[in-house]
Amino acid sequence: MADGTVSMERHKIVQSRIQYGMFVLLLCALIVFAACFSVSIGAVDIDPASIFKIITNRAFGKALFARGWEDRTETIIWSIRFPRVIMAFIVGAGLSVCGVLMQALTKNALADPYVLGISSGASTGAVCAIILGWFRFMGGYATIFGATLGAALSILLSMGIASARGRIASSQLVLAGIATSALFSALTNLVIYGCHTGSDKTKTAQYWMIGSLSGADWGTAGYVAVVFAAAIGIVLLFVRDMDVLLLGDDVAESLGVDTGRIKRVIILMATVLTGVVVSVSGVIGFIGLVVPHIVRAVVGSKHIRLLPAAILVGGLSTMLADVVSRVVMAPEELPIGIVSALMGAPFFLYLIKTERDG
């Protein structure tokens, strides 16, 4: 009888792993399809075969396929469209991971990357760099530096308010984050409207604040990819501690988890990821809220499964939102922040209703 029970449990585990693997493979296939579709869309029509040949030649650094296209076509594909696709994936993946981290930290299913005021601080720093010309010593990375610095200042303020006797209370951290977010949002608006509202810099800042991936290039994409990979590598080292943290601080500590350390790791990684993502894409809401819920319903709450799946679904979601932003008002571009809000807000309202009825 006992052997039969063990055998059944093993069968369930194997079946669960197979289902998870199939889900991941399906996501990868959809991401490849979405990437190809996104690259093919634009004012200039380019046949899929040329797109495949150009990307392959560039990726391998050699002419595996004979050139049958103009230099302008290769520039459009490799230097404009493809970096944007890569950037969209990284931005969506980063926001989704931040959402997972914030929900683990606060044990609040409605938490997202903006719950602690991190994005508001990042926006303030970036807007100061764009409009006021701060951080010029960073050259082309001034906006990224300003956003990351603003994110760090905002989370330090929230943590300072929520800390008591060396411990961070999750409920107090949420409340402090709301106040911090309001403060930095006010500072951002003060900078924008305190300057010449009709200036090009102000218009750039205002457009950036509602989300855009139009400025993507290989230099920026590479920088963000390195930061993203490093942050994910660190987070994956603490997936088991994050699982235990969901049981509550007291239970986690009784099981030997250093809750103070894991919370600091979560906050630091969320701050870095949000700061870098916001600096290159502007404010894109609801991805970090919606994606973790969708993925958790499919793969469960274990972070060793949740995080990789959230990365793939978040990246895919943002790639599709970017396609919509480029198509719906073509040849004009609708800011991706508007698209993500229109897609995510109804789901957010659904979550609130579910929480109330449940």
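Bear in mind that the values here come from a model prediction, so they are computed numbers and not experimental data.

Colleague: What should I look at first to understand the confidence of the model for the protein chain in this one?
Modeller: Predicted coordinates in regions of low pLDDT should not be interpreted in detail. Averaged over all residues, the pLDDT of the protein chain is 85; the fraction at 70 or higher stands at 93%. Summarising per-element confidence for the protein chain, the mean pLDDT is lowest in strand S2 (residues 167–168) (68) and highest in helix H13 (residues 303–327) (94).

Colleague: Help me understand the side chain of Ser340 in this model?
Modeller: With respect to the helices and strands, Ser340 occurs in helix H14 (residues 336–357). Within the local environment of Ser340, its side chain forms a polar contact with the backbone oxygen of Gly285, the two atoms lying 3.1 Å apart. A polar contact is formed between the side chain of Ser340 and the backbone oxygen of Gly337, at a distance of 3.0 Å. Apart from the residues within four sequence positions on either side, Ser340 is in contact with Ile284, Gly285, Phe286, Ile287 and Ala345.

Colleague: When you look at the packing of aromatic side chains in this model, what are you seeing that I'm missing?
Modeller: How two aromatic rings sit relative to each other is set out by the distance from centre to centre and by the angle between their planes. Counted under the stated rule, the structure contains nine aromatic pairs. A ring pair is formed by Phe33 and Phe37, whose centres lie 6.5 Å apart and whose planes are at 5°; its orientation type is stacked. Here Phe33 and its partner Phe37 are both found in helix H1 (residues 2–40), four residues apart, which amounts to about one turn of the helix. Taking the relative accessible area as the measure of exposure, Phe33 reaches 60% and is therefore exposed. On the basis of relative accessibility, which here comes to 42%, the residue Phe37 falls in the partly exposed class.

Colleague: I tried to follow a nonpolar patch on the surface on my own but got confused; where do I start?
Modeller: A contiguous nonpolar surface patch, about 450 Å² in accessible area, is contributed by Leu157, Ile161, Leu183, Leu187 and Leu190. Within the residue set of the nonpolar patch, elements represented by two or more residues are helix H5 (142–162) and helix H6 (170–194). Here Leu187 lies in helix H6. Leu187 sits in the partly exposed class, given a relative accessible area of 35%.

Colleague: Mind showing me how you'd approach the pattern of salt bridges here?
Modeller: For side chains of opposite charge, pairing can occur when their charged atoms come near one another. Applying the stated criterion across every chain, the model contains 10 salt bridges. Close ionic contact of Arg84 with Asp322 constitutes a salt bridge, the shortest N to O distance being 2.8 Å. With Arg84 in helix H3 (residues 71–106) and Asp322 in helix H13, this residue pair connects regions lying 238 residues apart in the sequence. The residues Arg84 and Asp322 share a single accessibility class, namely buried. The salt bridge partner of Asp241 is Arg261, with a shortest N-O separation of 3.8 Å. Taken as a pair, Asp241 in helix H9 (residues 239–245) and Arg261 in helix H11 (residues 259–281) lie far apart in primary sequence, 20 residues in all. Connected through shared salt-bridge partners, Arg58, Arg67, Asp71 and Glu74 make up one network.

Reading the values: the criteria
- Once a new chain begins, its residue numbering starts again from 1 and follows that chain's sequence as written.
- Local features in this predicted model are restricted to residues of pLDDT 70 or higher, and side-chain atom pairs are both shown and tallied only at a pLDDT of 80 or more, whereas totals for entire chains, interfaces and linings draw on every residue.
- In computing side-chain properties, one takes all heavy atoms of the structure into account and sets aside hydrogens as well as water.
- The predictor attaches a confidence to each residue, and that confidence, scored 0 to 100, is pLDDT.
- Segments assigned H or I by DSSP are reported as helices when at least four residues long, segments assigned E as strands when at least two residues long, and all are numbered from the N terminus.
- The definition of a polar contact used here is a pair of N or O atoms within 3.5 Å, where within protein one atom must be able to donate a hydrogen and the other to accept one, and adjacent residues in sequence count solely through side-chain atom pairs.
- Here, residues are in contact when the closest pair of their heavy atoms is within 4.5 Å.
- A pair of Phe, Tyr and Trp rings is counted when the ring centres sit within 6.5 Å of each other, with Trp represented by its six-membered ring. The angle between the planes then sorts it: under 30 degrees is stacked, over 60 is edge-to-face, the rest tilted.
- Think of it in three bands: residues with accessible area under 20% of the maximum for their type are buried, residues over 50% are exposed, and the middle band is partly exposed, with areas taken using a 1.4 Å probe on protein chains only.
- Put simply, a patch holds well-exposed residues, over 30% relative accessible area, that have no salt bridge, with like charges counted together within 9 Å and Val, Leu, Ile, Met, Phe, Trp or Tyr side chains within 5 Å.
- Residue exposure ignores everything except the shown protein chains as possible cover, and the areas themselves are Shrake-Rupley values with a 1.4 Å probe.
- Any carboxyl oxygen of Asp or Glu within 4 Å of a side-chain nitrogen of Lys or Arg constitutes a salt bridge here.

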